[in-house]
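Summary of structural features
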Amino acid sequence: MHEDAESLLVNRQSPRWQNYLAVAGKRRFIIAVSLAVLVSLFGLSVFRSSWSNEHTIIPVAEDVVEKVIPPSTPLNSSALVDHLGPADNLLGLPTANFRDNLRDDRKYITSWVSAGWTNDVMTYINLIYLAIITDRIPVLPMFTPSHIGGAVPPIDFGLVFDVPRLRKALHIPVLEWHEVKDRKSESIDELGCWNTWEAVQKGEHYPRRSPVPDHLKLDISYTKAPSWIKVIPYFDHDMHSYFWSLAALAFPETRTASLVPPLESPNHHVLLPPDEQMLCYDYLYYVCANQPYEMEFDYSPAWRFVGQYLYWSPKIEQLAYQYVRRAVGTTEDQPTPPANTTGCYASLDVIARRVDEVKDELLQRKGISVQHVIMTSDERNTTWWDEVKSKGWYGVDHSQTADLMGPWYPVLIDAAIQSLGAGFVGTDRSTMSMLARRRVESWADGAARIFKWGKPDSDDH
């Protein structure tokens, strides 16, 4: 299923949960509206280095001083020993075989990604939440270039997101695979994992395929999970499982009762049960606590207890600010102005109406007056861009981004720009819009609007 063609279920009243974590950090500036619009028609192409028919808008807030991180500060550095990092949760430096670096008094959990980049972010959020409820240490692989071309190298999770900040906010260890196993190692490790994919759908008679185990030099023997993990039994059009159904498989009694003969691993042809120290699952995108696609809703525990604390790395955040300043014409020594972002598969007039609604709410509720709107898009049609400019909106120039920094960076910078605002307007049924909206709401108590698409009157209201 395409990442931006997901059919979201009807919103339900969210339970009241006590918020047990404090939001870390302060916003550097206010992006008053962020509109990220991705439609299902382009669900597989929205993250290519040249995005297909995708547009994104950003207005800017005045009088906000950006806190500049000194250039001499290493990425994700800390003056103090990070007791939630690899030093206290592994035996030492990365080893040729991952097991040689695991502590006997620790249990770990991992999984792989296998979709578009936005969905892969959600998959890792789910992995970390599952680690919390199973009392294990999440070990995060890299992101793979599903939307920017298979020849592009993967990028480390910690180059995109601020892992030390995440650890401190969650108060749990969080590791990356390159900290466990030497990324230059040619040794193939055998590992037993749970195969959830065959338990929740009938179309593919094999575990969910992913390039990640090959990157990590892992030889996986999969054990099919029991069918009772599926949220809607015998329903072919949904593939979700419950967090606690998967968590049950992490504990001895349910694990033992659920074991069936495993599949042979592809390299060494071994038959292994699911590993008890490095617990792993083939795919964790389709997981929920209450209902499918629940990260769309404000009660989502995976978002509330993990996702909202997944901030951009300092490098990505700084680049986003630089591109916003460049777009609206401010210099490096001036404060970044407040901004709006959007992407669209609707007329600009429909988007403008939603922008105005968010502007009005921000002015009334927070006293923020938005003066600038930035549209991010790979649209090549000059007539269309003329119409954008006629509305007083700005564009983000990525003409040299990929050449200077690499193919990942147009994707990452635009995603960061879309989230660093006080408001958001996005596309219905778009996971990219949904995550940008969640970030704006969580990080800035922002105003949000989602517009519907498909017909000229879809967003009439």
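Note: the structure precedes this text.
A few points on the structure. Because the structure is predicted, anything quoted here is derived from the model rather than measured.

Notes on the pattern of salt bridges
Within the structure shown, the criterion is met by 20 salt bridges. Across the pair E361 and R365 runs a salt bridge, and its minimum N-O distance is 3.1 Å. Separated by 4 residues within a single helix, E361 and R365 lie in helix α12 (residues 348-366), roughly one turn from each other. Residue classification places E361 among the partly exposed positions, given a relative accessible area of 22%. Because the salt bridges share partners, they merge into one network encompassing R353, R354, E357, E361, R365, D445, R449 and D459.

A word on the nonpolar core
Membership of the largest hydrophobic core comes to 98 residues, with the highest contact counts inside it found for W112, W117, F143, Y281 and W312. It is helix α2 (residues 117-134) that provides the largest number of residues to this core, a total of 11 residues. Apart from the residues lying within four places of it in its own chain, the contact partners of F143 are W117, D120, V121, Y124, P154, I155, F157, V160, F161 and W408. Formed by 19 residues, the second largest nonpolar core is a distinct cluster that contains L348, V355, V425 and F451.

Regarding the side chain of S300
Tracing the backbone shows S300 in the loop between β10 (287-288) and α10 (301-305). If we skip the residues at most four places from it in the chain, S300 touches E294 and M295.

What to know about the pairing of strand β3 (residues 108-111)
Residues of β3 alternate between two faces, with Y108 and T110 on one and I109 and S111 on the opposite face, all of them buried. Relative to strand β4 (residues 137-140), β3 is paired through 2 bridges, and the arrangement is parallel. Among the inter-strand pairings, Y108 is bridged to a residue of β4, identified as I137. Once you follow β3 into α2 and on to β4, the crossover reads as right-handed. As defined by bridge partners, β3 adjoins strand β9 (residues 278-281) across 4 bridges and the pair is classed as parallel. Its bridge partner being in β9, T110 is matched across the sheet by C280.

Re the state of the cysteines
Per the counting criterion, the structure on display carries 1 disulfide. A disulfide bridge connects C193 with C280, and the sulfur atoms are separated by 1.6 Å. Note on the C193 and C280 pair: the S-S dihedral is about -110°, so by sign convention the disulfide is left-handed. With C193 in strand β6 (residues 189-195) and C280 in strand β9, this residue pair connects regions lying 87 residues apart in the sequence.

Points about the packing of aromatic side chains
Per the stated rule, a full pass over the model turns up 19 aromatic pairs. A centroid spacing of 6.0 Å and a plane angle of 70° characterise the contact between Y283 and Y286, whose relative ring orientation is edge-to-face. An identical accessibility class is assigned to Y283 and Y286; each is buried. When the ring of Y285 is compared with that of Y286, the centres are 4.7 Å apart and the planes differ by 75°; the resulting orientation is edge-to-face. Like Y285, the residue Y286 is buried in the burial classification. Following the ring pairs from residue to residue traces out a cluster consisting of W117, Y124, F143, F157, F161 and W312. Above the ring of W197, the side-chain terminus of R208 is found at 4.5 Å from the ring centroid. The ring of Y206 has R209 sitting right over it, with the charged end atom 3.7 Å from the ring centre.

A look at helix α13 (residues 382-390)
Of the positions making up α13, those classed as buried are W384, W385 and V388. Looking down the long axis of α13, one finds its buried residues gathered within 95° of arc, a one-sided arrangement. Along α13, the residues that are exposed and aim more than 90 degrees away from the buried face are T382, T383, K389 and S390. For α13, the side-chain oxygen to backbone nitrogen distance between the N-cap and T383 is 2.8 Å, and the N-cap itself is N381. Backbone geometry just downstream of α13 places G392 in the positive-phi region, at approximately 80°.

Notes on the environment of R437
One can find R437 in helix α16 (residues 431-444). For R437, a relative accessible area of 19% translates into the label buried. Along the backbone, R437 and T427 are 10 residues apart, and their C-alpha atoms lie at a distance of 10.0 Å.

Things to note about the side chain of R439
Relative to the helices and strands, R439 resides in helix α16. For the buried residue R439, which engages in no salt bridge, the nearest side chain bearing the opposite charge is E317, 10 Å off.

Looking at the packing of helix α11 (residues 314-328) against helix α15 (residues 408-419)
At a closest axis distance of 9 Å, the pairing of α11 and α15 adopts a crossing angle of 75°. The orientation of α11 relative to α15 falls into the category roughly perpendicular. Taking contact as the criterion, the partners of K315, I316, L319, A320, Y323 and V324 in α11 are, on α15, Y409, L412, I413, A416 and I417. Here the contact of α11 with α15 is composed, by residue class, of 10 nonpolar, no polar and 1 charged.

Notes on empty space enclosed by the protein
Evaluated as defined, the whole model comprises 5 cavities of 30 Å³ or more. Considering only enclosed or pocket space, the largest cavity measures out at about 100 Å³ in volume. What lines the largest cavity is simply M122, N126, H240, F243, Y285, V287, Y293, E294, M295, S300 and A302. Broken down by class, the residue content of the lining of the largest cavity amounts to 7 nonpolar, 3 polar and 1 charged.

With respect to the pairing of β6
Most of β6 is tucked away: 6 of the 7 residues are buried. Pairing geometry for β6 and strand β7 (residues 218-224), over 7 bridges, is parallel. In the strand pairing of β7, D189 is matched with L218.

Notes on α2
The terminal C-alpha atoms of α2, which comprises 18 residues, lie 26 Å apart, in line with the 26 Å expected from a rise of 1.5 Å per residue. For α2, the tally of buried residues reaches 17 of 18 residues, placing the bulk of the element in the interior. D135 occupies a position one or two residues after α2 and carries a positive phi of about 60°.

Cut-off values and rules
- Residues numbered from 1 in each chain as written.
- Predicted model: local features only at pLDDT ≥ 70, side-chain atom pairs only at ≥ 80, totals over all residues.
- Heavy atoms only, no water.
- Salt bridge = Lys/Arg side-chain N within 4 Å of Asp/Glu carboxyl O.
- Helix = DSSP H or I, 4+ residues; strand = E, 2+ residues; numbered from the N terminus.
- Buried < 20%, exposed > 50% of the residue type's maximum accessible area, 1.4 Å probe, protein only.
- Core = buried A, V, L, I, M, F, W, Y, C linked by side-chain atoms within 4.5 Å.
- Contact = heavy atoms within 4.5 Å.
- Pairing = 2+ DSSP bridges.
- Right-handed = clockwise from strand over helix to strand, strands pointing away.
- Disulfide = S-S within 2.5 Å.
- Phe/Tyr/Trp six-rings, centres within 6.5 Å; stacked < 30°, edge-to-face > 60°.
- Lys NZ or Arg CZ within 6 Å of the ring centre and 35° of its normal.
- Arc of directions from axis to C-beta.
- Polar contact = N/O pair within 3.5 Å; in protein donor to acceptor, adjacent residues only side chain to side chain.
- Lys, Arg positive; Asp, Glu negative; His and termini not counted.
- Axes fitted to C-alpha atoms, helices over the stretch in contact; angles between N-to-C directions.
- Parallel < 35°, antiparallel > 145°, perpendicular 65-115°, else oblique.
- Nonpolar A, V, L, I, M, F, W, Y, C, P; charged D, E, K, R; others polar.
- 1 Å grid on protein atoms, 1.4 Å probe; cavity = no way out; pocket = protein on both sides within 12 Å on 5 of 7 lines; lining within 4 Å.
- Points joined across faces, edges and corners; volume = space filled by probe spheres on them.
- Expected span 1.5 Å × (residues − 1).

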